[in-house]
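Examination of the molecular architecture
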Amino acid sequence: MIILQVNGLTKSFSGTDLLENVRLEVQHRDRVALVGRNGAGKSTLLKIIAGELSADEGDIIIPKDIRVGYLEQHSGIDSELTIWDEVMTVFAPLRQKEERLRTLEHQMAEPSVYEDADRYARVMAEYDELQIAFKEAGGYQFEADARSVLHGMRFYPEDYEKPVDLLSGGQKTRLALARMLLSKPDLLILDEPTNHLDIETLNWLERYLSAYEGAILIVSHDRYFLDKVVTTVYEVSRRKVTKYSGNYSTYLDEKAKNYERDQKLFEQEQDERAKLEEFIQKNIARASTSKMAKSRRKQLERREWMDSPEGDEKSANFSFSLDRPSGNDVLSLDDVKIGYGSQPVSEHISVRVYKGDRVAFVGPNGVGKSTLLKTIVKRNELLDGDIRYGTNVQFGYYDQNQATLIGSGTVLQEIWDDWPMMNEKDIRSLLGRFLFTGDDIEKHVTSLSGGEKARLSLAQLMLEKSNTLILDEPTNHLDLDSKEILENALDDFPGTILFVSHDRYFINRLATKVIELSEHGAVEYLGDYDYYVEKKTEMEEIAAVTQVEQREKEPAAKKENAGKEFQRQERRLTRAIAEIEKKMETFDDEIAELQAQLLNPDIANDHVQLMEIQRRIDELQATHDEQAEEWLMLQDELENL
């Protein structure tokens, strides 16, 4: 079933076409990605599809019964509600149905209703119809769904009562994403949903979206995420949109094949064009051949010639070098504690870094990865422990928030202030390599986009020629092409690199060592991200086996006593659970029997008896719910023995 069709869409700004004759199709359960450079028009296309912008030409066809959900980039929530209450607003229609059900139940118990046969029949009919609709809409599980998604977005029960307006920007973005997922639209449109998510949350989101019942249309620069989730890729480039079947890696392979084919065709056409132009030039003035030359000229003018496959899109072109190499021992951290003020976020960190290492720091948000990098470069105070620096170590630091861009002037002045001895021509040439050309270098730094600020910070980093690069989320704000250029530059860098990144593809490409941070220390894995995941899983399995073996090696008496106590508690809890299950089964049978009595035509007009049956059902249900709560508590206690 087709749930979205885009036909002949064109959009321009200030007379310049951004999108031209775009065609796109999404079917039920499709996972579609839009990829392309920053500024190509991906987010604009999403906004037009979502109804946030209008197109100049073309049609957006969405069936009337299709619900569309759109979460734009950098979305957040401004609300005075708590986290839980805010999420519950998604289920307002269900909660209204629930309230109506309770109202109808009270009406059925009123004498003025059950003594009026017609009115009572109408109430019962509405109740039955509403109860079925409530159940089919997930009325008995929406709270469980909300808890599951909030947990995936790293909001836990102790967070539920926190006011939304006290959350950080990243937390508000995660909450907005959680709300959108819970609304379960038929077409889910997400613009950069992986921003502000740590690796654990990204893994959860990938699993959730893979099992999502509706269709998904995504813009993302996270290549690992795209490989895991999407099955169709539309590339937005030079105002056009081109479809590729498969995930992101398949798209890259197909694009490379298409480029080789188109380049050969383009070269053939250019040879043919050159021959035509040469013939016209030689023969247009001769009387004997003038007519033929004019005919060839018309042929030349009428024919539609291929554009160059390379197009007019430029890529950044830079590399990192160093003034002088460091010693073999670059950095040593011994029992380090980091944090802000007197508040530690992580401690007992011990790390060794050697010349040529590429070290990736990973871990959940808030564990202190960025804080550790700032502490290493002495932008934060060390709370405890010891940090020793090797011989000739020179740090070049890249801040994820571009806090190193402190000027209020233009792009040109930002470089000139730090390197006043450089001449303007060299600075312009340098900035051109980072895609700042023409009027771009006269832009004020404060008006730059996130991607432009990132490229300017990288230009500063290149000029420093440090032998040890400290990079905090260097791929944030970069499009896929710029990420690849950065990876190549770092891969060729002859020095040492320490970096924090949530980009698993980037980690896989560069890291020779992965260090996982936690509140209580650091664990080192000698390999890339895939090796880290594999080894971590293996170590968890070994730890589980070791724990079992250690229990078996305990002194016999201690083991016997512990075993007896465990068995005693297990028997006690098992008996209690069995008794509760037996009671609940009895309650279920009684409730079912009473509900059957409500439908007995022989007592349909005996409102006193009907009211008494309903009262008994309510009492049994309340007792059943209490027993269910106790059953859950006992199950938890049994599992935690």
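- As recorded in an unreviewed UniProt entry, the protein chain goes by the name ABC superfamily ATP binding cassette transporter, ABC protein, listed as coming from Sporosarcina newyorkensis 2681.

**Let's talk about the sheet that holds strand β6 (residues 187–191)**
- Read from one edge to the other, the open sheet built from 6 strands follows the order β5-β6-β7-β3-β8-β9, with strand pairing classed as mixed. The sheet is open, and its two borders are formed by β5 (68–71) and β9 (240–245), each paired with just one other strand. Direction aside, neighbouring strands of the sheet carry axes that sit 15° apart on average.
- With 6 bridges connecting them, strand β8 (residues 232–237) and β9 associate as antiparallel partners. Each bridged residue has a counterpart across the sheet, and for E235 the counterpart in β9 is T242.

**Section: the UniProt feature "domain: ABC transporter" (unreviewed entry) in the protein chain**
- Mapped onto this numbering, the UniProt entry annotates "domain: ABC transporter" (unreviewed entry) at residues 4–278 and 331–545.
- In residues 4–278, helix accounts for 48% and strand for 21%; the two terminal C-alpha atoms are 49 Å from one another.

**Here we look at the sheet that holds strand β15 (residues 468–472)**
- Taken in spatial order, the 6 strands of this open sheet run β14-β15-β16-β12-β17-β18, and their pairing is mixed. With one partner strand each, in any of the chains shown, β14 (395–398) and β18 (521–525) form the two edges of the open sheet. Strand-to-strand twist across the sheet, computed as the mean angle between neighbouring axes with direction ignored, equals 15°.
- One ladder, built from 5 bridges, connects β15 with strand β16 (residues 496–500); its direction is parallel.

**Some remarks on the nonpolar core**
- Formed by 66 residues in total, the largest nonpolar core has its most connected members in L150, L175, L205 and L209.
- A per-element tally of this core places helix α7 (residues 169–183) first, with 7 residues.
- When sequence neighbours within four positions are dropped, the list of residues in contact with L175 reads I77, I83, E86, V87, L150, F155, V164 and L167.
- In this structure, L405, I427, L448 and I485 belong to the second largest nonpolar core, which totals 46 residues.

**Examining the pattern of salt bridges**
- According to the stated counting rule, one finds 42 salt bridges in the structure shown.
- When the shortest N-O distance is used, the salt bridge between D159 and K162 registers 3.0 Å.
- Looking at D159, the relative accessible area reads 11%, which means it is buried.
- A relative accessible area of 40% places K162 in the partly exposed class.
- R352 is paired through a salt bridge with D334; the nearest N and O atoms lie 2.7 Å apart. Here R352, found in strand β11 (residues 343–354), pairs with D334, found in strand β10 (residues 329–340); they are 18 residues apart in sequence, far enough to count as distant.
- Residue classification places R352 among the partly exposed residues on the basis of a relative accessible area of 33%.
- Linked through salt bridges whose partners overlap, the residues forming this network are R223, K483, E487, D503 and R509.

**Observations concerning helix α11 (residues 290–302)**
- The terminal C-alpha atoms of α11, which comprises 13 residues, lie 18 Å apart, in line with the 18 Å expected from a rise of 1.5 Å per residue.
- Every buried residue of α11 is accounted for by S290, A293 and L300. Along the axis of α11, the buried residues cluster in a sector spanning 75°; they form a single face. Those residues of α11 that are exposed and angled more than 90 degrees off the buried face are K291, K298 and R302.
- Where α11 is buried, its residues touch α10 (248–283).

**Quick notes on a negative patch on the surface**
- A cluster of acidic residues, E581, E585, D588, D589 and E593, forms a negative patch on the protein surface.
- Inspection of the secondary structure assignment puts D588 in helix α19 (residues 556–598).
- The class for D588 is partly exposed, based on a relative accessible area of 39%.

**A short note on the pairing of strand β1 (residues 2–13)**
- Relative to strand β2 (residues 16–27), β1 runs antiparallel, the two sharing 8 bridges. Paired with F13 across the strands is T16, a residue of β2.
- Between β1 and β2, which pair antiparallel and follow one another directly, the connecting turn spans 2 residues, one of which, S14, has a positive phi of 55°.
- Strand direction decides the pairing type here: β1 and strand β4 (residues 57–61), joined by 4 bridges, are antiparallel. What sits directly across from V6, in β4, is I60.

**Structural notes on helix α3 (residues 92–108)**
- Helix length check: α3 (17 residues) gives 24 Å between terminal C-alpha atoms against 24 Å at 1.5 Å per residue, within 8%.
- L94, L101, L104, E105 and M108 are the residues of α3 that are buried. In an axial view of α3, the angular spread of the buried residues amounts to 105°, which keeps them on one side of the axis. Those residues of α3 that are exposed and aimed more than 90 degrees away from the buried face are Q96, E99 and H106.
- Where α3 is buried, its residues meet α4 (111–114), α5 (117–136) and α6 (142–152).

How each quantity is defined
Residues numbered from 1 in each chain as written. Predicted model: local features only at pLDDT ≥ 70, side-chain atom pairs only at ≥ 80, totals over all residues. Heavy atoms only, no water. Pairing = 2+ DSSP bridges. Helix = DSSP H or I, 4+ residues; strand = E, 2+ residues; numbered from the N terminus. Axes fitted to C-alpha atoms, helices over the stretch in contact; angles between N-to-C directions. UniProt positions renumbered as here; feature names shortened; annotations may be inferred. Core = buried A, V, L, I, M, F, W, Y, C linked by side-chain atoms within 4.5 Å. Buried < 20%, exposed > 50% of the residue type's maximum accessible area, 1.4 Å probe, protein only. Contact = heavy atoms within 4.5 Å. Salt bridge = Lys/Arg side-chain N within 4 Å of Asp/Glu carboxyl O. Expected span 1.5 Å × (residues − 1). Arc of directions from axis to C-beta. Patch = residues over 30% accessible without salt bridge, like charges linked within 9 Å, V, L, I, M, F, W, Y side chains within 5 Å. Areas by Shrake-Rupley, 256 points an atom, 1.4 Å probe, with all protein chains shown as cover. Lys, Arg positive; Asp, Glu negative; His and termini not counted. Charge placed at Lys NZ, Arg CZ, Asp CG, Glu CD.

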